[in-house]
Amino acid sequence: MSSNTEISSSPQTTAGLSTDKRSQPARKSVSRPQEMNVLIGLVAIALIFEILGWIVQGESFLFNTQRLSIMILQVSVVGIIAVGVTQVIITGGIDLSSGSLVGATAMIAMSFAQASTYARAVYPSLTDLPVIVPIAIGLGCGILAGVVNGALIAYTKIPPFIATLGMMVFARGVAKWYTRGQPVSFPTDSYAAIGDGMNPVLIFLAVAIVFHVALRYTVYGKHTYAIGSNEQGARMSGINVERHLVLVYAIAGMLAALAAVVISSRNLTAQASFGNMYELDAIAMAVIGGVSLSGGRGSVPGTVLGALIFGVILSGFTFLRLDAYYQEMIKGVIIVAAVVADIYRQRSRAKMIDKE
Amino acid sequence: MQADIAKTNSPERPLNTGSGRVVLETRGLTKHYGGVRALSDANFVLHEGEHVAIVGDNGAGKSTFVRQITGVEVPTSGEILFDGKPVKFESPVDARQTGIEAVFQNLALADDLDVPSNIFLGREEKILPWLGPFAFVNEKKMRERSIAALETTGVKIPNLSSSLRHMSGGQRQCVAISRAASFASKLILMDEPTAALGVQETTQVENIIRRLKQKRIPLILVSHNLRQVFNLVDKIWVFRRGEIAGMLEADKTTGNEVVSMITGVADSGVHENASYI
């Protein structure tokens, strides 16, 4: 949120309000916007792989369009989820259900997207439907699950961790129960077109832009940050905290469902295991991107950069022909390191305030 | 002395010490938390343009009283009359819509938002309001009005677009007070506004309060600092053990008398060494 606000001390607008230097020593160490640190991290990691590439493989890592497009495609689907999770974390919550929701909504959406040429459709009388039907049903299910998450958290006051953990287990159950574990396949051509080619990347970027604007420039965004900063204060300021939380979790559910539509369309099939562990990857992208798990801080551009770091590391390891097992281990290390960095940032900030 | 107080505080006999119209009155205001009687039968009157203080020991019911008036809590029984009309506040929003603003001890600020966003939190200036929650915020207008609000209170904030997290306790307190002062049309309540502040910052807050007096906006100040109370207000309402022990006029009483009433030890002269007189 405070993306470039901290460094822009415009003298005209604060004229007449300028600091009395004796009473309020101007603070020199104005912190860099968090996104800039993440960007520097991204560039540094990419350069490391570039150098390693020339040493180990004898070729460039970055200057390879095919590799770059695969890299960004890889993170686009989870990136869509991460945009939703970012908003949830900014309110001070967490959403563990997104991965399972991908599984459940992919199955449900796909079952309404099947072509009539396929003999074993889930609903034989409901084939060749217009593409809007499976999309609407899929997103609707995602929103519904998100509303349940949000309502549980806002009105029963159970911790978000528990509410969304319940939804995570429940939704995975739904995904398996829906067709008794059978995959759902053979969508119509129009449904298959959704996730074709570079479309997932475009959808990811569109989602990111829409929600960046929403978080940065709308009442919705101000209230989301306010709740994460000081829930009680937000309530006293007249914000309907409960309703707002339901809205935020509903958006997260909708984006998980959108990811499900994209991935099932791209794979031309939906399976109950879809989206396994996506929730953790999405949270990791957000945290790497500077979204604070204690709420109130972070931004969509940060999360997009976090997703790119994720992508660079994954394809970097593939490029260096490192074992897939190492990738997971490194992922774990990165997640912990990102959280440690966040805690360290908060501590040094608290010290700065104490010194006043 | 005690008998006098009982008389002045009786609801049947309206206070004749005040000047002008009654802005706020409570009749038999009572709040119980389970079996705990935090506030019983409080009869309180505030006149137009008047600045009053609420003093009392810890647990005397000061904050409870403030919470009932600002709609943070709903009283167990009793009446609140605002501008002569009975009001029932279900939430702080109701109180704010009536023109009552409050500065709470926990400030109710969002540390991660900038100054204009905080001043307008919950009542943002909107562009395209039909977009509902997704209506755009008119940052330019909010910024201009924030500058104006801060100027009228005389508060100096170097960089409005910096998030509050980067500001000192005094600056944050000033933002909270500016917010209340710029929206309050009828009444401001401040619950211990200088409790956590340094000397200079306290002076700044006291200056804001004096400016409000010039603008004739009524104020209720909850404070532990009797010197501050004597410096700033016209009347002192003393709370003791969940009841209003009495009301004293600042220019006709002494610190000793106030302390006697706070502690309930009527003997005058025994508090000469009390360090907070």
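Residues numbered from 1 in each chain as written. Chains lettered and ligands numbered in written order. Predicted model: local features only at pLDDT ≥ 70, side-chain atom pairs only at ≥ 80, totals over all residues. Heavy atoms only, no water.

The name given to chain A in an unreviewed UniProt entry is ABC transporter permease, with the source organism recorded as Jiella flava. What UniProt states about chain A under its Subcellular location (unreviewed entry) heading is, verbatim, "Cell membrane". (UniProt positions renumbered as here; feature names shortened; annotations may be inferred.)

Now for the pairing of strand 2 (residues 36-47) of chain B. Burial analysis of strand 2 of chain B places nine of its twelve residues in the buried class, the great majority of the element. Where strand 1 (residues 22-33) of chain B hands over to strand 2 of chain B, the hairpin turn is made up of two residues, of which Gly34 of chain B adopts a positive phi near 60 degrees. (Buried < 20%, exposed > 50% of the residue type's maximum accessible area, 1.4 Å probe, protein only. Helix = DSSP H or I, 4+ residues; strand = E, 2+ residues; numbered from the N terminus. Pairing = 2+ DSSP bridges.)

Here we come to the nonpolar core. In terms of nonpolar packing, the biggest core is built from 99 residues, with Ile80, Val83, Val102, Phe211 and Leu255 of chain A touching the most fellow members. Here the element with the most residues in this core is helix 10 (residues 241-267) of chain A; it accounts for 15 residues. Not counting residues up to four positions away in its chain, the partners in contact with Ile80 of chain A are Ile203, Phe204, Leu255, Leu258, Ala259 and Val262 of chain A. Of all hydrophobic cores here, the second largest spans 47 residues; its members include Val219 of chain A together with Ala181, Val205 and Ile209 of chain B. (Core = buried A, V, L, I, M, F, W, Y, C linked by side-chain atoms within 4.5 Å. Contact = heavy atoms within 4.5 Å.)

What follows deals with the pattern of salt bridges. When the charged atoms of two side chains lie near each other, side chains of opposite charge can form a pair. Using the criterion set out here, one finds 23 salt bridges over all chains in the structure. Each member of the salt-bridge network shares a partner with another, and the members are Lys157, Glu231, Arg235 and Glu242 of chain A. (Salt bridge = Lys/Arg side-chain N within 4 Å of Asp/Glu carboxyl O.)

By the element assignment, Thr64 of chain B lies in helix 2 (residues 62-69). Apart from residues no more than four positions distant in its own chain, Thr64 of chain B is found in contact with Lys31, Tyr33, Ala38 and Leu39 of chain B.

The subject of this paragraph is the confidence of the model for chain A. Residue and element names in this part refer to chain A. Here chain A averages 87 in pLDDT, and 89% of its residues register 70 or above. Here helix 13 (residues 324-354) stands out as the least confident element of chain A, with mean pLDDT 77; helix 10 is the most confident, with 97. Low confidence marks residues 1-30, where pLDDT is under 50. Its contacts with residues over four positions away, or in another chain, come to 51 contacts. (pLDDT = per-residue confidence, 0-100.)

Residue and element names in this part refer to chain A. Within this structure's numbering, the places UniProt gives as "transmembrane region" (unreviewed entry) are residues 36-56, 68-89, 101-119, 131-154, 161-178, 198-215, 245-263 and 300-319. Annotated as 58% helix and 0% strand, the span residues 101-119 places its first and last C-alpha atoms 27 Å apart. In the segment residues 245-263, helix accounts for 100% and strand for 0%; the C-alpha atoms at its two ends are 27 Å apart.

This part covers the packing of helix 4 (residues 132-156) of chain A against helix 5 (residues 160-178) of chain A. Residue and element names in this part refer to chain A. Running from N to C, helix 4 and helix 5 cross one another at 150 degrees; their axes reach a closest spacing of 9 Å. Judged by the angle between their axes, helix 4 and helix 5 are roughly antiparallel. Here helix 4 runs over helix 5; the crossing is right-handed. Here Ala145, Val148, Asn149, Leu152 and Ile153 of helix 4 come into contact with helix 5, specifically with Pro160, Ala163, Thr164 and Met167. Among the residues forming the contact of helix 4 with helix 5, the class breakdown is seven nonpolar, two polar and no charged. (Axes fitted to C-alpha atoms, helices over the stretch in contact; angles between N-to-C directions. Parallel < 35°, antiparallel > 145°, perpendicular 65-115°, else oblique. Left-handed = near helix turned anticlockwise from the far one by under 90°. Nonpolar A, V, L, I, M, F, W, Y, C, P; charged D, E, K, R; others polar.)

This next bit is on helix 1 (residues 34-57) of chain A. Over its 24 residues, helix 1 of chain A extends 34 Å from the first C-alpha to the last, a length consistent with the 34 Å expected when each residue adds 1.5 Å. When helix 1 of chain A is considered as a whole, its buried residues turn out to be Gln34, Glu35, Val38, Leu42, Ala46, Phe49, Glu50 and Gly53 of chain A. (Expected span 1.5 Å × (residues − 1).)

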